[in-house]
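# Analysis of the macromolecular model
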Amino acid sequence: AEPAVEEVAAELRNYARETQHEKIIRGIATATALMCYGKEGEADAALAELREDRDPILRFGSMYGLGLAYCGTGSEVAVRQLLHAAVSDVNDDVRMAAVISLALVLYRTPRRVPQLVKLLLESFHPHVRYASCIAVGIALAATGDAEALNMLEPMLTDMSDFVRQGGIIATALVLMQQSEANKKTKWFREKLVSIISDKHQSTLTKMGAVMATGILDAGGRNMSISLGSSTTGFTRMTTAVGLVLWLQQWHWYPMMHMFSLALTPTVTIGLNKDFNVPKCFGITCNAKPSLYAYPKKLEEKKEEKKKRIETVALSTTAKSKAREARKKAKDGESSMEIDEEPTPSQEDPEPDAEAAETVEGAEAAAEDRKSRRKDPEPAFHRLANPCRITAPQSAVCAFDLNQRYRPVRPEGRPQGIVMLTDTTPAEEEDVDTMELPSLDDGEGQEVEAPEPFEWAPPEATTEGENTALASEGGGGETKDGEEPSSADSMEVDDKK
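The text that follows walks through the structure, step by step, so that each part is easy to find. (Residues numbered from 1 in each chain as written. Predicted model: local features only at pLDDT ≥ 70, side-chain atom pairs only at ≥ 80, totals over all residues. Heavy atoms only, no water.)

## Notes on the sheet that holds strand E10 (residues 416-422)
On the basis of which strands lie adjacent, the open sheet formed by four strands has the order E7-E3-E10-E9 and mixed pairing. Looking at which strands have only one partner, the edges of the open sheet turn out to be strand E7 (387-388) and strand E9 (405-407). Two elements, strand E3 (residues 267-271) and E10, share four bridges in a ladder whose sense is parallel. The residue of E10 that forms the bridge with Gly270 is Val418. (Pairing = 2+ DSSP bridges. Helix = DSSP H or I, 4+ residues; strand = E, 2+ residues; numbered from the N terminus.)

In structure tokens, the structure reads:
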């Protein structure tokens, strides 16, 4: 099958050089890159041919092909070639693809990516700055790395709108599944809301903020980007391919849906010998619950009732009132010689009642403070089966070997699918049975297919009517000798 694949690839490359359609050439370049996945040295000859081609779109495909061919290998040869193209190629897209592909090659040593692109983030070239942001985001996705966030923060206020978009997306990738214990999480979410609601922001920046909001909440905050499996060590082909296809949204925006292909669920499920989920199995997390908790849901701000402002009295009104008061006082002195003793109803309220009200108010305030005071958070907690365990959280989680169900590999990380052994098989099990989907379910519940019908575009119908009228009139010309109008071809440019 290998010679047949090489023959098809060579035919595609030849066709890309013959056609003039940019979309077809770009599709062939991307397809060639995907076919190079995991081939390493076997793909060098084909990639070298594309790398030296005059067409920049084919050189663009060779950069992604190099990243996929050496994905996760850390090859110094591949890194050297990508860096050379990133600083020397004359095309913007080629330089951008070269920088992003560095993250694919070096994902097993993610700390090297910020070191390599640190100077590129300060480049005068906006496409290189955008690509540097995306490379940092892919390499350090879902880590919450403080150094990476500090590098990306200046990009959020860059002069170029698409560089701001790249900085926003990369920051969202780094902050995936981060709780509010990371102070940057709450700050960044508030910033996204302000960008989306700001009418003065550019369309590209707003689109980046909308996409970043979806990335932060991907899969109900139960999924993240992970190019390599922490349990097996193998590279996830779907994640690598999904990221490369998602990045093509720069040229064709519907490709942003390919981001779902790159996501990986961060779930831990313990299964017994019958592939059922035991309810009494749990995992100990040696950290505070708030450290890896879900972020709080957004709450709508309640409108505050406006307080009524007292009207200001004019000086003339005050003088007139004072004059009337003096007149009443003068008349009262002449008519009253002896002051009457105040009646009990006119006396001040009893001091005992005032004291009782004060005590009740103090007790209510004390109870309110007591209710607000939270209990001290425990230093560890137990996770039920199944549960979400993020990549950083797995380092502080451990199996409890003093329970009925124990893992087959107790030294392994508590992440992913964990097979369990039952220490007391004679006892009755309390499990959740997994029901497999069946093709027989739901028979007769499908929606009936619509009745067959024929449809013709409105333009075709109009032309048909004009032709019929012309034939009835005995001539091939329409009214006033005008020819039938044809629809102008329109070409939509999806580039940014």
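## Notes on the side chain of Arg164
Structurally, the position occupied by Arg164 is in helix H10 (residues 161-174). In this structure Arg164 is buried but unpaired, with Asp161 as the nearest side chain of opposite charge at 5.4 Å. If sequence neighbours within four positions are ignored, Arg164 has contacts with Met155, Leu156, Thr157, Asp158, Met159, Gln201, Ser202 and Thr205. (Buried < 20%, exposed > 50% of the residue type's maximum accessible area, 1.4 Å probe, protein only. Lys, Arg positive; Asp, Glu negative; His and termini not counted. Salt bridge = Lys/Arg side-chain N within 4 Å of Asp/Glu carboxyl O. Contact = heavy atoms within 4.5 Å.)

## Some details on the nonpolar core
Ile138, Leu173, Ile215, Ile225 and Trp246 are the most contacted members of the largest nonpolar core, which has 82 residues in total. Sorting elements by how many residues they give to this core places helix H6 (residues 92-105) first, with 10 residues. (Core = buried A, V, L, I, M, F, W, Y, C linked by side-chain atoms within 4.5 Å.)

## Details of the pairing of E3
Within a regular strand, the side chains alternate between the two sheet faces. Where E3 lies against E7, two bridges are found, and the strand directions are antiparallel. Residue pairing across strands places Val267 opposite Arg388, the latter belonging to E7.

## Some thoughts on the pattern of salt bridges
In this structure the tally under the stated criterion is 18 salt bridges. In this structure, Glu49 and Arg13 form a salt bridge, with 3.8 Å as the shortest nitrogen-oxygen distance. Linking Glu49 in helix H3 (residues 44-51) with Arg13 in helix H1 (residues 2-18), this pair joins segments that are 36 residues apart in sequence. With a shortest N-O distance of 3.2 Å, Arg26 and Glu22 are connected by a salt bridge. Of this pair, Arg26 and Glu22 both sit in helix H2 (residues 22-35), separated by four residues, roughly a single helical turn. What emerges from the salt-bridge pattern is a single network uniting Arg13, Arg17, Glu49 and Asp53.

## Digging into the environment of Lys296
Note that Lys296 resides in the loop between strand E5 (282-285) and helix H14 (315-335). In this structure Lys296 comes out as exposed when scored by relative accessible area, which is 64%. Along the chain, Lys296 and Lys186 lie 110 residues apart, while their C-alpha atoms are 9.5 Å from each other. Discounting chain neighbours no more than four positions away, the residues touching Lys296 are Glu180 and Arg221.

## Quick notes on the sheet that holds strand E8 (residues 397-399)
Strand order in the open sheet formed by three strands is E6-E5-E8, with antiparallel pairing between adjacent strands. The two strands at the open ends of the sheet, each matched to only one other strand, are strand E6 (381-384) and E8. This sheet shows a mean twist of 35° between the axes of neighbouring strands, independent of strand direction. (Axes fitted to C-alpha atoms, helices over the stretch in contact; angles between N-to-C directions.)

## Notes on the packing of H6 against helix H8 (residues 126-139)
At their nearest, the axes of H6 and H8 sit 8 Å apart, and the two run at 20° to each other. Looking at the two axes, H6 sits roughly parallel to H8. Pair H6 / H8 crosses with right-handed handedness. Only His127, Val128, Tyr130, Ala131, Ser132, Ile134, Ala135, Ile138 and Ala139 of H8 make contact with H6, whose side of the interface consists of Asp92, Arg95, Met96, Val99, Ile100 and Ala103. When the residues that make up the contact of H6 with H8 are grouped by side-chain class, the tally is 11 nonpolar, two polar and two charged. (Parallel < 35°, antiparallel > 145°, perpendicular 65-115°, else oblique. Left-handed = near helix turned anticlockwise from the far one by under 90°. Nonpolar A, V, L, I, M, F, W, Y, C, P; charged D, E, K, R; others polar.)

## Notes on H3
Restricting attention to buried positions, one finds in H3 the residues Ala46, Leu47 and Leu50. For H3, the buried positions fall inside an angular range of 95° around the axis, keeping them on one side. (Arc of directions from axis to C-beta.)

## Examining a nonpolar patch on the surface
Among the surface-exposed residues, Phe275, Val408, Ile417 and Met419 lie close enough to one another that they form a single nonpolar patch of about 390 Å² accessible area. Residue placement: Phe275 occurs in the loop between E3 and strand E4 (277-278). (Patch = residues over 30% accessible without salt bridge, like charges linked within 9 Å, V, L, I, M, F, W, Y side chains within 5 Å. Areas by Shrake-Rupley, 256 points an atom, 1.4 Å probe, with all protein chains shown as cover.)

## Focus: unusual backbone geometry
Cis geometry is adopted by the peptide bond preceding Pro386, which originates at Asn385 and carries an omega value of 0°. With respect to the secondary-structure elements, Pro386 resides in the loop between E6 and E7. A positive phi angle, close to 55°, is found at Glu40, a residue other than glycine. Along the chain, Glu40 turns up in the loop between H2 and H3. Since its relative accessible area comes to 37%, Glu40 is described here as partly exposed.

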